[in-house]
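# Inside the fold
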Amino acid sequence: MLKGITIAIDGPAAAGKSTIAKRIAKKLGYTYIDTGAMYRALTHKAIVQGINMDSDNELSDLLRQTEIVLLPVNDTQAILIDGEDCTEEIRSQSVTAGVSKVAAHGTVRKLMVEKQRDLAAGMGVVMDGRDIGTEVLPDAEVKIFMTASVDERAERRFIENTKRGIHTPLEELKQAIENRDKADSEREISPLKRAEDAILVDTTSMSIEEVVDEIVEIAEKRMY
Ligand code: CDP
Ligand code: CDP
């Protein structure tokens, strides 16, 4: 019998995780959970309220008082922070520049992981982030570690930004991606790394459809 399984997708910035995860969830009728958006939501609120980003205590207190809702809207996902739509705001340059610092704190991560496990409980789920296969859902039936060369990832972000009317130079984007990957991979708590049992998918020269098909095929084999 077909059963709802959990699919964990981790990898560096702009590898295509959320684009692919969303499409897989749609194909399989599963729930998509964007954990990066949750860290971004906390970072956005911390910036607005002038919270000290070096303080795990202040940030985790803020998180306890914050309602973060991931709301499916057509083919995308809206992010509500305390009931307010902040989907665009959480992608701002200042949030992107600060999020790895916020995400490095121990209590912040502990609270986020609890929320993420609650959201995933008892249903078919595709969850993407940095520590899903290693920490949040270590028993996920499918674990993918998605990568692409840094030049390709910067190029993809550049094209995406251009469509959104944002004109950051390509070199600047590449540098920001490299900095974030370094911070995420070198932090002490739950760093970005490939789980031992994760399947490596290098998407550098793959189209979105090819990646989706490959992962759906892997997932379907685990459903019976
Ligand atoms: O989409 P993009 O690759 O730019 O990043 P994201 O998935 O929105 O994640 C933003 C940041 O949140 C990452 O750079 C990490 O610092 C943090 N993050 C994390 O630490 N753990 C996760 N499970 C997801 C995101
Ligand atoms: O979630 P993550 O940061 O890993 O990446 P994303 O935001 O899903 O993807 C970054 C950009 O790459 C998006 O504009 C995707 O449309 C694009 N992309 C692509 O061109 N080819 C792929 N195989 C995957 C994503």
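Let me begin by describing the structure that accompanies this report. (Residues numbered from 1 in each chain as written. Chains lettered and ligands numbered in written order. Predicted model: local features only at pLDDT ≥ 70, side-chain atom pairs only at ≥ 80, totals over all residues. Heavy atoms only, no water.)

### Quick look at the sheet that holds strand β4 (residues 76-81)
Within a beta sheet, neighbouring strands are joined by backbone hydrogen bonds and run either parallel or antiparallel to one another. Read from one edge to the other, the open sheet built from three strands follows the order β3-β4-β5, with strand pairing classed as antiparallel. Since the sheet does not close on itself, it has two edges, and those belong to β3 (68-73) and β5 (84-85), each with one partner. When β3 meets β4, the two strands line up antiparallel, connected through six bridges. Across the sheet, residue Leu 70 finds its bridge partner in β4, namely Ile 79. (Pairing = 2+ DSSP bridges. Helix = DSSP H or I, 4+ residues; strand = E, 2+ residues; numbered from the N terminus.)

### Things to note about the site of ligand 2
Near ligand 2 you find 14 residues, and of these Lys 17, Ser 18, Thr 19, Arg 157 and Glu 160 are the closest. In the environment of ligand 2, an oxygen atom lies 2.5 Å from a nitrogen or oxygen atom belonging to the side chain of Thr 19. Protein contact buries 82% of the 540 Å² of open area that ligand 2 shows by itself. Counting residues per element, the ones that place at least two in the shell around ligand 2 are α1 (17-28), α7 (150-163) and α9 (208-221). Split into classes, the residues belonging to the shell around ligand 2 amount to six nonpolar, four polar and four charged. (Near = heavy atom within 4 Å. Polar contact = N/O pair within 3.5 Å; in protein donor to acceptor, adjacent residues only side chain to side chain. Areas by Shrake-Rupley, 256 points an atom, 1.4 Å probe, with all protein chains shown as cover. Nonpolar A, V, L, I, M, F, W, Y, C, P; charged D, E, K, R; others polar.)

### A word on the environment of Ala 103
For Ala 103, the position within the fold is in the loop between α4 (93-102) and α5 (106-120). Here the alpha-carbon distance between Ala 103 and Ala 219, two residues 116 residues apart in the chain, equals 29 Å. Setting aside chain neighbours within four positions, we find Ala 103 in contact with Tyr 39, Arg 109 and Arg 187. (Contact = heavy atoms within 4.5 Å.)

### Let's talk about the packing of helix α3 (residues 56-64) against α5
The contact between α3 and α5 brings their axes to 8 Å, and the two run at 25 degrees. In terms of orientation, α3 lies roughly parallel with respect to α5. Contacts between α3 and α5 involve Asp 56, Leu 59, Ser 60, Leu 63 and Arg 64 from the first element and Gly 106, Thr 107, Val 108, Leu 111, Met 112 and Lys 115 from the second. Its residues assigned to classes, the contact of α3 with α5 shows five nonpolar, three polar and three charged. (Axes fitted to C-alpha atoms, helices over the stretch in contact; angles between N-to-C directions. Parallel < 35°, antiparallel > 145°, perpendicular 65-115°, else oblique.)

### Some remarks on the packing of α1 against α9
Where α1 meets α9, the axes come as close as 10 Å, and the angle between the chain directions of the two elements is 50 degrees. Classified by the angle between their axes, α1 and α9 sit oblique to one another. The element α1 and its partner α9 pack so that their crossing is right-handed. Only Ile 208, Glu 209, Val 211, Val 212, Asp 213, Ile 215, Val 216, Ala 219 and Glu 220 of α9 make contact with α1, whose side of the interface consists of Thr 19, Ile 20, Arg 23, Ile 24, Lys 27 and Leu 28. Split by residue class, the contact of α1 with α9 holds nine nonpolar, one polar and five charged. (Left-handed = near helix turned anticlockwise from the far one by under 90°.)

### Let's talk about the nonpolar core
Of all hydrophobic cores here, the largest spans 33 residues; its most connected members are Met 112 and Met 127. Looking at this core, the elements that each hand over two or more residues are α2 (35-49), α3, β3, β4, α4, α5, β6 (125-129) and α6 (132-136). Top contributing element to this core by residue count: α2, with six residues. Excluding anything up to four places from it in sequence, Met 112 contacts Met 38, Tyr 39, Leu 42, Leu 63 and Ile 68. By size, the runner-up hydrophobic cluster in this structure holds 23 residues, among which are Ile 144, Met 146, Val 201 and Val 216. (Core = buried A, V, L, I, M, F, W, Y, C linked by side-chain atoms within 4.5 Å. Buried < 20%, exposed > 50% of the residue type's maximum accessible area, 1.4 Å probe, protein only.)

### Some remarks on the sheet that holds β6
Ordered by their spatial adjacency, five strands build an open sheet running β2-β6-β1-β7-β8, and the pairing between neighbours is parallel. A single partner strand is all that each edge strand has here, and the edge strands are β2 (31-34) and β8 (199-202). Each strand of the sheet is rotated relative to its neighbour by a mean of 20 degrees, with strand direction disregarded. Summarising the sheet, strand β1 (residues 6-10) and β6 pair through five bridges and their orientation is parallel. Residue pairing for β6: Ala 8 is matched across the bridge by Met 127. Relative to the sheet, α1 contacts β1, β2, β6 and β7 (142-147), its axis offset from that of β6 by approximately 175 degrees. Strand contacts of α2: β2 and β6, with the helix running at about 40 degrees to β2, the strand carrying the most contacts.

All we've got here are geometric facts, nothing functional implied.
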